[in-house]
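Coordinate inspection notes
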Amino acid sequence: MNYYQTLQKAQTLLGQKHYAQAIQAAATALENLLIDLYNDLVVQLPPVRQKELVEAQEKIGGGQPLNQLTLGRLLGIYRVSGATKDLEKLLGHTLTYFNIHTLDNFVTARNQVIHEGHEPDEAEATYLVNQVTLILRETDRLPIPIAQPPSQPTQPWWHTAMPHRDIREGRLDLKVFAVDLAQVVEGDAVPEYKDPDTFFRRTFLTRGLKSTLRGVLRRLAGQDDGIAITQMATVFGGGKTHTLLALYHMVKHGASVSYLDTVAHLLAEAEVESVPQATVAAVDCAHISPGQPRTIETLEEAITLRTLWGEIAYRLAGAAGYAIVRQSDEERVAPGSEALQQLLVLAGPSLILLDETLSYITKASGIRVGKGYLSDQAQEFLLELTRAVNAADNVALVLTMTSSEQEQIGEAAIAAAKEIDTAIRILRRTRQVEVSAEREELYEILKRRLFDTDPAALEAQARDAAQTYWDYYRAHSNDFPQEAQTPEYRELLVRAYPFHPALIEILRDRWGSISGFQRTRGVLRLLALVIGDLYRQKHTAPLIQPAHVNLDNGEIRAELLEYVDNKGGYESAILSDIGGTDESKAPFLDRVTGGEYVRHSIATGLATAIFMHSHSGATQRTAAAERPQLWLATLQPGIVPALAADALDKLQRRLWYLATHEGTYRIDSQPNLNQMLVTRVDAIRQEPDTVRQQIKVAVEEVAGRRPFAEVKIWPEGPGSVLNQRRLTLVVLGPEYALSLIHISEPTRPY
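**What to know about the overall build of the protein chain**
The helix and strand tally for the protein chain stands at 34 helices and 14 strands. The buried share among the 750 residues of the protein chain stands at 51%. Intrachain contacts of the protein chain at a sequence separation of at least 6 include 71% that bridge at least 24 residues. For the protein chain, the exposed area adds up to about 34,900 Å²; of that, 49% sits on carbon and sulfur atoms.

**Re the packing of helix H30 (residues 602–613) against helix H32 (residues 641–654)**
Closest axis-to-axis distance for the H30/H32 pair is 9 Å, and the angle between their directions is 70 degrees. Judged on the interaxial angle alone, H32 and H30 are roughly perpendicular. Of H32, the residues touching H30 (which contributes Ile602, Ala603, Leu606, Ala607 and Ile610) are Leu643, Ala644, Ala647, Leu648 and Leu651. Its residues assigned to classes, the contact of H30 with H32 shows ten nonpolar, no polar and no charged.

**Digging into empty space enclosed by the protein**
Here the structure, examined in full by the defined rule, presents three cavities of 30 Å³ or more. A volume near 70 Å³ is recorded for the second largest cavity. Along its surface, the second largest cavity is lined by Leu30, Thr102, Asn105, Phe106, Tyr127, Leu128, Gln131, Val132, Ile135, Asp452, Thr453 and Asp454. Put simply, the parts of the chain that give the lining of the second largest cavity at least two residues each are helix H6 (100–114) and helix H7 (122–138). Looking at side-chain class alone, the lining of the second largest cavity contains six nonpolar, four polar and two charged residues.

**Some details on H6**
Between its first and last C-alpha atoms H6 spans 21 Å; for 15 residues at 1.5 Å apiece the expected length is 21 Å, and the two agree. The element H6 is largely enclosed, with a buried count of eleven among its 15 residues. Within H6 the residues assigned to the buried category are Ile100, His101, Thr102, Leu103, Asp104, Phe106, Val107, Ala109, Arg110, Gln112 and Val113. On the buried face of H6, the contacting elements are helix H2 (19–44), helix H4 (71–81), helix H5 (83–91), H7, helix H8 (165–168) and helix H11 (196–201).

**Comments concerning the environment of Leu344**
Mapped onto the secondary structure, Leu344 falls in helix H17 (residues 337–347). The spatial distance from the C-alpha of Leu344 to the C-alpha of Leu385 is 9.9 Å, given a sequence separation of 41 residues.

**Quick look at H30**
Helix length check: H30, at twelve residues, gives a terminal C-alpha distance of 17 Å against a target of 16 Å (1.5 Å per residue), a fit within 8%. All of the buried residues in H30 are Ile602, Ala603, Thr604, Gly605, Leu606, Ala607, Thr608, Ala609, Ile610, Phe611, Met612 and His613.

**Looking at the nonpolar core**
Phe98, Trp157, Leu450, Phe499, Trp511 and Phe611 are the most contacted members of the largest nonpolar core, which totals 174 residues. If you tally residues by element for this core, the top one is H2, at 14 residues. With sequence-adjacent residues up to four places away left out, Phe611 is seen in contact with Trp511, Leu551, Leu560, Tyr570, Ile574, Ile578 and Ile667. One finds Val325, Ile367, Ala378 and Leu399 within the second-largest nonpolar core, a separate group that totals 41 residues.

**Brief notes about the environment of Ile367**
By the secondary structure assignment, Ile367 is in the loop between helix H18 (357–364) and strand S6 (368–369). Of the residues examined, Ile367 reaches a relative accessible area of 15% and is grouped as buried. Look past the residues within four positions of Ile367 in its chain and what remains in contact with it is Pro290, Gly291, Arg332, Gly372, Tyr373 and Leu374.

**Focus on the sheet that holds strand S12 (residues 664–667)**
Strand order across the open sheet formed by three strands is S10-S12-S11, with antiparallel pairing between neighbours. Of all the strands in the sheet, the pair left with one neighbour each is strand S10 (625–626) and strand S11 (658–661). Sheet analysis places S10 next to S12, joined by two bridges and oriented antiparallel. Within the sheet, the bridge partner assigned to Glu626 lies in S12 and is Thr664.

**Some details on the pattern of salt bridges**
Considering all chains together, one arrives at 36 salt bridges under this definition. The residue Arg449 makes a salt bridge to Glu192 at a minimum N-O spacing of 2.8 Å. In this pair, Arg449 is assigned in helix H21 (residues 439–450) and Glu192 in helix H10 (residues 191–194), connecting sequence segments 257 residues apart. By the burial criterion, Arg449 is buried, and Glu192 matches it. Arg218 is the salt-bridge partner of Asp225, the closest N and O atoms lying 2.8 Å from each other. By relative accessible area, which is 15% here, Arg218 ends up buried. Overlapping salt bridges bring together Arg79, Asp104, Asp197 and Arg201 as one network.

**What to know about the side chain of Lys447**
Assignment of secondary structure puts Lys447 in helix H21. Taking relative accessible area as the criterion, Lys447 reaches 5% and is therefore assigned buried. With residues up to four places along the chain from it excluded, the contact list for Lys447 reads Pro455, Leu458, Val494, Arg495, Ala496 and Tyr497.

**Some remarks on the packing of helix H28 (residues 585–593) against H30**
In the contact formed by H28 and H30, the axes pass within 7 Å of each other and the chain directions differ by 155 degrees. Viewed along their axes, H28 and H30 adopt a mutual orientation that is roughly antiparallel. Seen along the crossing, H28 lies across H30 with a hand that is right-handed. Mapping the contact onto sequence places Ala586, Pro587, Leu589 and Asp590 in H28 and Ile602, Ala603, Thr604 and Ala607 in H30.

**Observations regarding the packing of aromatic side chains**
Applying the stated rule across the entire model yields twelve aromatic pairs. Geometrically, the ring pair formed by Tyr78 and Phe98 is edge-to-face, given 5.8 Å between the ring centres and 65 degrees between the ring planes. Placement of the pair is Tyr78 in helix H4 and Phe98 in the loop between H5 and H6, with a sequence separation of 20 residues. Taking the relative accessible area as the measure of exposure, Tyr78 reaches 3% and is therefore buried. On the basis of an interplanar angle of 45 degrees and a centroid distance of 6.2 Å, the ring pair of Trp511 and Phe611 is categorised as tilted. Here Trp511, found in the loop between helix H24 (501–510) and helix H25 (519–537), pairs with Phe611, found in helix H30; they are 100 residues apart in sequence, far enough to count as distant.

**Brief notes about the layout of surface pockets**
Taken as a whole, the largest pocket spans an internal volume of roughly 1,300 Å³. In this structure, the largest pocket is lined by 45 residues; those nearest its centre are Asn99, Asp261, Thr262, His265 and Arg448. Breaking the lining of the largest pocket down by element, the ones donating at least two residues are H4, H5, H6, H11, helix H15 (261–270), H21, helix H22 (459–475) and helix H23 (487–496). Per-element tally for the lining of the largest pocket: the top contributor is H15, with six residues.

**Points about the confidence of the model for the protein chain**
Predicted confidence across the protein chain gives a mean pLDDT of 85, with 88% of residues reaching 70 or more. Predicted confidence is poor over residues 146–153, with pLDDT under 50, and the contacts of this stretch with residues over four places away or in other chains come to 18 contacts. Across residues 403–408, where pLDDT falls below 50, the model places eight contacts with residues more than four positions away in sequence or in other chains.

**Description of unusual backbone geometry**
At the junction of Tyr497 and Pro498, the peptide bond is cis and its omega measures out at 10 degrees in the coordinates. Structurally, Pro498 can be placed in the loop between H23 and H24. For Asp140, which is not a glycine, the phi torsion comes out positive at approximately 65 degrees. Unlike most non-glycine residues, Arg332 shows phi in positive territory, near 55 degrees. With respect to the element layout, Arg332 can be found in the loop between helix H16 (308–331) and H17.

**Quick word on the pairing of S11**
With four bridges joining them, S11 and S12 adopt antiparallel strand pairing. The residue bridging Leu658 from the neighbouring strand is Ile667, located in S12. Taking the residues that link successive antiparallel strands as the turn, the S11-S12 hairpin has two residues, and the phi of Glu662 there is positive, at about 50 degrees.

Conventions and cut-offs
Residues numbered from 1 in each chain as written. Predicted model: local features only at pLDDT ≥ 70, side-chain atom pairs only at ≥ 80, totals over all residues. Heavy atoms only, no water. Helix = DSSP H or I, 4+ residues; strand = E, 2+ residues; numbered from the N terminus. Buried < 20%, exposed > 50% of the residue type's maximum accessible area, 1.4 Å probe, protein only. Contact = heavy atoms within 4.5 Å. Areas by Shrake-Rupley, 256 points an atom, 1.4 Å probe, with all protein chains shown as cover. Axes fitted to C-alpha atoms, helices over the stretch in contact; angles between N-to-C directions. Parallel < 35°, antiparallel > 145°, perpendicular 65-115°, else oblique. Nonpolar A, V, L, I, M, F, W, Y, C, P; charged D, E, K, R; others polar. 1 Å grid on protein atoms, 1.4 Å probe; cavity = no way out; pocket = protein on both sides within 12 Å on 5 of 7 lines; lining within 4 Å. Points joined across faces, edges and corners; volume = space filled by probe spheres on them. Expected span 1.5 Å × (residues − 1). Core = buried A, V, L, I, M, F, W, Y, C linked by side-chain atoms within 4.5 Å. Pairing = 2+ DSSP bridges. Salt bridge = Lys/Arg side-chain N within 4 Å of Asp/Glu carboxyl O. Left-handed = near helix turned anticlockwise from the far one by under 90°. Phe/Tyr/Trp six-rings, centres within 6.5 Å; stacked < 30°, edge-to-face > 60°. pLDDT = per-residue confidence, 0-100.

Right, here's the structure in full:
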């Protein structure tokens, strides 16, 4: 196939705005490429790998020839056989763009266009055609470069970083970021969490997550250094649910995800050949009600589960497992160590996942059992369970003690947490881990969760943009923070792309400290709205900065206001000064000033950046920013910093909710003197007669002190002033006021 001509056709179709046809042309080139590469591999691979590749074709293609397979099935051959690694050896270099993740996204987009009637826009079609071009280049199928304009460091971020389709089209359900363990176990979660393949494709394995997975895998494999018990310590929204889901999918669906590079690398690091076969008992304690037993119908009988130990026993070994603890469950008394050891032996290699443990104990503290409460029995059970798991050879327990709800836990739960924490500390082969992502890891999490583009494919554009911004900061060294001018910050710009590090740091460190803003989950929710809004606007900035958070967008505004301490006050501040109405002052200033102001939304961006800096959990009333921080949050290469200084001075005179103190700026929920002055003036204008009378009194007082024989204040007409030989002062009323611009000739002195 002549790939050059096919892509020239795709480029022509793009120019003619036939976007669906352009994608189809690129897909044709990709289909032929997959066939060509397969044929090359079959000829040149060793016999063993040749056989595996052919077997993969027969399995996926059902005996059909390659040229009759769909693009998705062709890709399936590469996925099942792991042929990408063979291809890298054949070509002699690492493949960046030719990877299963990128190809999967292309297949999905192409199917939506061809089979579902999706109408792609220019950005989406251009992005997909460019992806195929890059794939053909790195597989040596394009010896003649396709004529393209040179890559510009300052091109918009969405030229290379393509958001997920539901984000692009503004139909993302924000509940996708609030999944819990119970939803996945019961099959009610969205595919991003329910499907193990999709889950791991969109999950970045942080150091903490990999460490936890390795410890559990080695434990289930019977290795002495495996971790028997893991207690996850995390702040609200710190990633514990994601860790539990990774463990759940890894162990329960290991065979179906082992081909993924991330999983294969993890198995290699854990030094296990495959995911160990094990039973998974996953219990979300927040979804268990101790006062409302649930009944399960089996072939033999109906089983009623009354307690946490009843739930675990049934999920580990079914009816036979429940029979071991039946009496304890019915009497709501913790089973002894012997019964638990018997249960674990029956279940065999097992992974027990307990989420929201304190939630269960809190609810159990209101149920009487004998002379005590069910919470006492639950605490005793957890202590016995940790000992039994620790004594077994191939059983792992992973539990979280904190509650994901912003509710006060009871004294019983606090006491239980201390007891269990102490018990775990003295046992062998245990670990207490902090699962929240580090700063650099958060960037990778955001890229995978929010964008279709493989993060590795962003490297070149990220370095171009980072270098441009870094040079800009160094060229204006007196205007920007010193930190932003270090080589380390340039690398931070690369890792954060397409986000500016300042935006992520504000959300994580300032907003993330506000009660209710769930760190990683909260950042994901907000950024999904922000990038979707900017994509639909076709925003031209190379990076996404704090100033680009569009507070004119009602959804974004509502998401942020959900977490502030005075929702009504701050909503009034935004509508008055930043956006949401036609009269909002900062956008109005941009419009009337024109030029660079309106082109880059200088005033609006500055006001937005100030608002984003104005909130923090510990000091929400005093959080603020200095000028260098605001310039970093707002300006981009090509804008003279003096323009921002001019805009900030104008904003200080116009905004009603801008508060300044010793060189810092913040948006407050209470109005400032500007608003008070305007309010007074408006009130005065509502009573013109009173104002006129007050002016007349003041004039009379001043005129009365003058050396005139007679004073006439505001005469009604010429007849009120007598023609006499006496020095008379005549003061006309305000209606006779004469502006200098109305004087057509010089006045004459007398």
